[in-house]
Amino acid sequence: MIKRYLLAPGPTPVPPEALLAMAMPIIHHRAPDFLPVLESAKKGLQWLYQTKNDVLIICSTGTGGMVGSVNNFFNQGDKALVINAGNFGERWTKICNAYNLSVEEIRIDWGYTVKPDDIENALRKDPSIKGVFVQASETSTGVYHDIQAIAEIVRKYDNTILVVDAISALVAHDLRMDDWGIDVLIGGSQKGLMLPPGLAFVGVSEKAWKFAETCKSPKFYFNFMTERKKLKDNQTNFTSPVSLIIGLNECLRLLQTEGLENAFRRHEKLAQATRAAVKAIGLEMFTKESPSNSVTAICAPKGIDGQEIYKNLRVKYGITAAGGQGQAKGKIFRIAHLGYAGTFDTITAIAGVEMALKGMGYPVKLGTGVGAAQELLMV
Ligand SMILES: *Cc1c(COP(=O)(O)O)cnc(C)c1O
């Protein structure tokens, strides 16, 4: 037997409290017992999203929430400004193209963050841009984009909404939907929310609902206006993923006990400790600026394949971290500190990296990175 450790940026480990709650017998989604379950999830999500707006609960992975956020608010031919700074920014472009939006990209070298001024300039030059699409945390490069600054710009344009993929950022980063003026905020279950895959969450502002009212794009399964109506009665349009929503309530309860600020700080500390270890081991960060609290992207040392590090960690040490995606494949590996994560998950990850690297011929004195992380994680 080899004991397994899940330290990937999604799916992430599920706390035992949630696992147990999800093992309960299925209740019927139209029966009265389910109504308080959905009501509680609805309120908990508004707390997490820091919003009074509706937060839709969709039965799909996070990408379903992204797809719905394109075809419920935009028509064919509408102009979209996509911040493409990695694999998930690229996904925005692909989805917008699939629905025949007219896409303009701000392309950013992998590892770097968008300059809000560039968004401001693009909007000033072309006020017909109807949507700005961005990631909060670009999971493929480990970069956090300054959503507060971007929202401040977009909210000045009455005919433009800001659509944020926060699937890997929720719970790890402070994202104030109402205060900052984020119009569409997308989350997923299997990242910071510590659940199995299968739920997407979409927070929608009043400004964005106006876009939905005039949207003619064909839709059936992902119909946000219908979901909004159903949500008022504590229902979803189709069969609710009952077990996942019961688990969601359990995870939200755990987070509420911890407190939102404390959850952000926990992620921030784990991220800082991971970066300190990377430096101590003599590795280079792949993320060049504004590192995310969710995941740390690290360059593979010269002559060592990043995918091999990922494989070594998994096969020899039972640690499932992540390799690189797209153009970064083979060049990097990534370690998550997301969701149900604490001090000894990070210590485990760093110890594993040291052992794997040493085994591959990289000169590292065992314990160097672990020690650096321990210094920062002591209480
Ligand atoms: C994980 C992730 C997604 C969605 O992935 P799914 O596999 O559809 O759940 C989207 N965006 C980002 C930034 C992610 O990290």
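Residues numbered from 1 in each chain as written. Predicted model: local features only at pLDDT ≥ 70, side-chain atom pairs only at ≥ 80, totals over all residues. Heavy atoms only, no water.

**Here's the deal with the side chain of Asp165**
For clarity, the threshold we go by: Segments assigned H or I by DSSP are reported as helices when at least four residues long, segments assigned E as strands when at least two residues long, and all are numbered from the N terminus. For each residue, the accessible area found with a 1.4 Å probe, counting protein chains only, is set against the maximum for its type, and the residue is called buried under 20%, exposed over 50%, and partly exposed in between. Charge counting treats Lys and Arg as positive and Asp and Glu as negative, with His and both chain ends excluded. By definition, a salt bridge exists where a carboxyl oxygen of Asp or Glu is found within 4 Å of a side-chain nitrogen of Lys or Arg. Between N or O atoms, a polar contact is any pair within 3.5 Å; within protein, one atom must be a potential hydrogen donor and the other a potential acceptor, and residues adjacent in sequence are included only when both atoms are from side chains. In this description, contact between two residues means that some pair of their heavy atoms is separated by no more than 4.5 Å.
With respect to the secondary-structure elements, Asp165 resides in strand 8 (residues 161-165). As a buried residue without a salt bridge, Asp165 has its nearest oppositely charged side chain in Arg91, at a separation of 7.0 Å. A distance of 2.7 Å separates a polar atom in the side chain of Asp165 from a polar atom in the side chain of Gln135. Those residues in contact with Asp165 that sit more than four places away from it in its chain are Met66, Phe88, Trp92, Val134, Gln135, Ala136, Ser137 and Ile186.

**Describing the site of the ligand**
For clarity, the cut-off: Only a single heavy atom is needed: when it lies within 4 Å of a molecule or strand, its residue is near that molecule or strand. Only the protein chains shown count as covering a residue, and every accessible area follows the Shrake-Rupley method with a 1.4 Å probe.
Near the ligand there are 14 residues, and of these Thr61, Thr63, Thr139, Asp165 and Lys191 occur at the shortest range. Between an oxygen atom of the ligand and a side-chain N or O atom of Thr139, the distance comes to 2.5 Å. In the model, a nitrogen atom of the ligand is placed 2.6 Å from a nitrogen or oxygen of the Asp165 side chain. Look at the ligand: alone it shows 380 Å² of surface, and the protein chains cover 87% of it.

**Some remarks on the pairing of strand 8**
Defined as follows: A pair of strands is considered paired only if DSSP assigns at least 2 bridges between the two.
For strand 8, the buried fraction is high: 5 of the 5 residues fall into the buried class. The pairing of strand 5 (residues 129-135) with strand 8 spans 5 bridges and is classified as parallel. Bridge pairing in strand 8 links Val134 to Val164. Inspection of the sheet shows strand 8 paired to strand 9 (residues 184-188) by 3 bridges, in the parallel sense. Considered in strand 9, the bridge of Asp165 is made with Ile186.

**Topic: the confidence of the model for the chain**
Basically, it comes down to this: In predicted models, pLDDT denotes the confidence assigned by the predictor to each residue on a 0 to 100 scale.
Residues of the chain with pLDDT of at least 70 account for 100%, and the chain-wide mean is 98. When pLDDT is averaged over each helix and strand of the chain, the minimum, 97, is found for strand 2 (residues 54-59) and the maximum, 99, for strand 8.

**With respect to the pairing of strand 3 (residues 79-84)**
The line we're drawing: We call a crossover right-handed when, viewed with both strands directed away from the observer, the connection leading from the first strand over the helix to the second proceeds clockwise.
With 5 of 6 residues buried, strand 3 lies mostly within the body of the structure. The pairing of strand 3 with strand 4 (residues 102-107) spans 6 bridges and is parallel. If you follow Val82 over to strand 4, its bridge partner there is Glu105. The parallel pair strand 3 and strand 4 is bridged by helix 4 (residues 87-98), and the resulting crossover is right-handed. Bridge analysis of strand 3 against strand 5 gives 4 bridges, and the strand direction is parallel. Within the sheet, the bridge partner assigned to Val82 lies in strand 5 and is Phe133.

**Structural notes on empty space enclosed by the protein**
Using the following cut-off: Of the grid points, spaced at 1 Å and generated over the protein atoms alone, those admitting a 1.4 Å probe that cannot get out make up cavities, while open sets with protein on both sides within 12 Å along at least five of seven lines make up pockets; any residue with an atom within 4 Å of a point is treated as lining. Grid points are joined across faces, edges and corners, and a volume is the space filled by probe spheres set on the points. Under the convention adopted here, Pro, Cys and the residues Ala, Val, Leu, Ile, Met, Phe, Trp and Tyr are nonpolar, Asp, Glu, Lys and Arg are charged, and Gly plus all remaining residues are polar.
Counting across every chain of the model gives 5 cavities of 30 Å³ or more. Around the largest cavity, the lining residues are Ile57, Ile58, Cys59, Tyr221, Phe222, Glu227, Thr236, Asn237, Phe238, Thr239 and Pro241. Here the element with the most residues in the lining of the largest cavity is strand 2; it accounts for 3 residues. Grouping the amino acids of the lining of the largest cavity by side-chain chemistry returns 7 nonpolar, 3 polar and 1 charged.

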